[in-house]
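# Coordinate inspection notes
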Amino acid sequence: MATVELTKENFDRTVSENPFVLIDFWAGWCRPCLAFAPVYEKASEANPDLVFAKVDTEAQQELAAAFQITSIPTLMIVRDQVAIFAQPGALPEAALTDLIGQARALDMDEVRQKIAAQQKPASGEGQGGTPGTPEG
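First, a word on what this report is: a plain description of the structure on this page.

Calculation rules
- Residues numbered from 1 in each chain as written.
- Predicted model: local features only at pLDDT ≥ 70, side-chain atom pairs only at ≥ 80, totals over all residues.
- Heavy atoms only, no water.
- Helix = DSSP H or I, 4+ residues; strand = E, 2+ residues; numbered from the N terminus.
- Buried < 20%, exposed > 50% of the residue type's maximum accessible area, 1.4 Å probe, protein only.
- Areas by Shrake-Rupley, 256 points an atom, 1.4 Å probe, with all protein chains shown as cover.
- Pairing = 2+ DSSP bridges.
- Right-handed = clockwise from strand over helix to strand, strands pointing away.
- Contact = heavy atoms within 4.5 Å.
- Axes fitted to C-alpha atoms, helices over the stretch in contact; angles between N-to-C directions.
- Parallel < 35°, antiparallel > 145°, perpendicular 65-115°, else oblique.
- Left-handed = near helix turned anticlockwise from the far one by under 90°.
- Disulfide = S-S within 2.5 Å.

What follows deals with the overall build of the chain. Check the secondary structure of the chain and you find 5 helices and 5 strands. Walking the chain from its N terminus toward its C terminus, one meets helices and strands in the order β-α-β-α-β-α-β-β-α-α. Buried positions account for 36% of the 136 residues belonging to the chain. Summed over its atoms, the accessible surface of the chain is roughly 8,200 Å², and 52% of this surface lies on carbon and sulfur atoms.

Counting buried positions along strand 3 (residues 51–56) gives 6 out of 6 residues, so the element sits mostly inside the fold. Side chains V51, A53 and V55 of strand 3 all project onto a buried face; the interleaved residues F52, K54 and D56 project onto the opposite face, where all are buried too. Sheet analysis places strand 1 (residues 4–5) next to strand 3, joined by 2 bridges and oriented parallel. Residue pairing in the sheet places V4 in a bridge with A53 of strand 3. Pairing geometry for strand 2 (residues 20–26) and strand 3, over 6 bridges, is parallel. Across the sheet, the residue bridging to W26 is D56, located in strand 3. Handedness of the β-α-β unit built from strand 2, helix 2 (residues 31–46) and strand 3 comes out right-handed.

The next thing to look at is the sheet that holds strand 4 (residues 74–79). Ordered by their spatial adjacency, 5 strands build an open sheet running 1-3-2-4-5, and the pairing between neighbours is mixed. At either end of the open sheet lies a strand with only one pairing partner, and these are strand 1 and strand 5 (82–88). Helix 4 (residues 93–105) contacts strand 2, strand 3, strand 4 and strand 5 of the sheet and is inclined by roughly 25 degrees relative to strand 4. Relative to the sheet, helix 5 (residues 108–119) contacts strand 4 and strand 5, its axis offset from that of strand 5 by approximately 85 degrees.

Moving on to the packing of helix 2 against helix 4. At a minimum axis distance of 10 Å, the contact between helix 2 and helix 4 shows a crossing angle of 40 degrees. Between helix 2 and helix 4, the angle is such that the two are oblique. The element helix 2 and its partner helix 4 pack so that their crossing is right-handed. Counting all contacts with helix 2, which are made through F36, V39, Y40, K42 and A43, the residues of helix 4 involved are E93, L96 and I100.

For the bond from I72 to P73, the omega torsion is -5 degrees, close enough to zero to count as cis. By the element assignment, P73 lies in the loop between helix 3 (61–66) and strand 4. Unlike most non-glycine residues, Q68 shows phi in positive territory, near 55 degrees. Structurally, Q68 is set in the loop between helix 3 and strand 4. Here Q68 falls in the exposed class, since its relative accessible area comes to 65%. Despite not being glycine, D80 shows a phi value in the positive range, around 50 degrees. In this structure, D80 sits in the loop between strand 4 and strand 5.

In protein chemistry, a disulfide is the covalent bond that joins the sulfur atoms of two cysteines. Within the structure shown, the criterion is met by 1 disulfide. One disulfide in the model links C30 with C33; its S-S distance is 2.4 Å. Its S-S torsion of about 80 degrees marks the bond between C30 and C33 as right-handed, since a negative value means left-handed. Of the two residues, C30 and C33, both sit in the buried class.

Okay, here's the thing in C-alpha cells:
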C-alpha cells in the first residue's frame, strides 16, 4: 500500500477507519527525515495490511501542533484510535520492524483498561479491580 499523506481534513477519518496506523511526522528540509523515508517506505511494503501515513509538518502546522510535535522525524503508532507509541528520531530498519511487531502483539483490551484506570478519580468506590478480589 502506498503511503498516505495526512492533512487536518483526512486525519480523523484515516485514524478512525483503520485499526493500525503508523504516522511519520516529517519535513522536506529535515535530513534525518529524508534518511528515514526509505526505511519507512520499505516497512510499508513489508506490512501491506497496515496504514503508513506521513504528515508534512511544514504544510500541516496545525496538525503538528495538535500532537505537540517538537522534533522530527517523530513516529506515532495508533491502534484502535489509541496512540500507543510516539517518539522522535529516525529508527533503523531492524528497530522499526521490532517496534511494529511489538505494536501488533499488544492486547488492546488491556491497553484500554490501563488508560481507563489512569483516568478514574481516586475515590474509594468504583475502582476497576478484578471482580471478587479484595484489592480494587
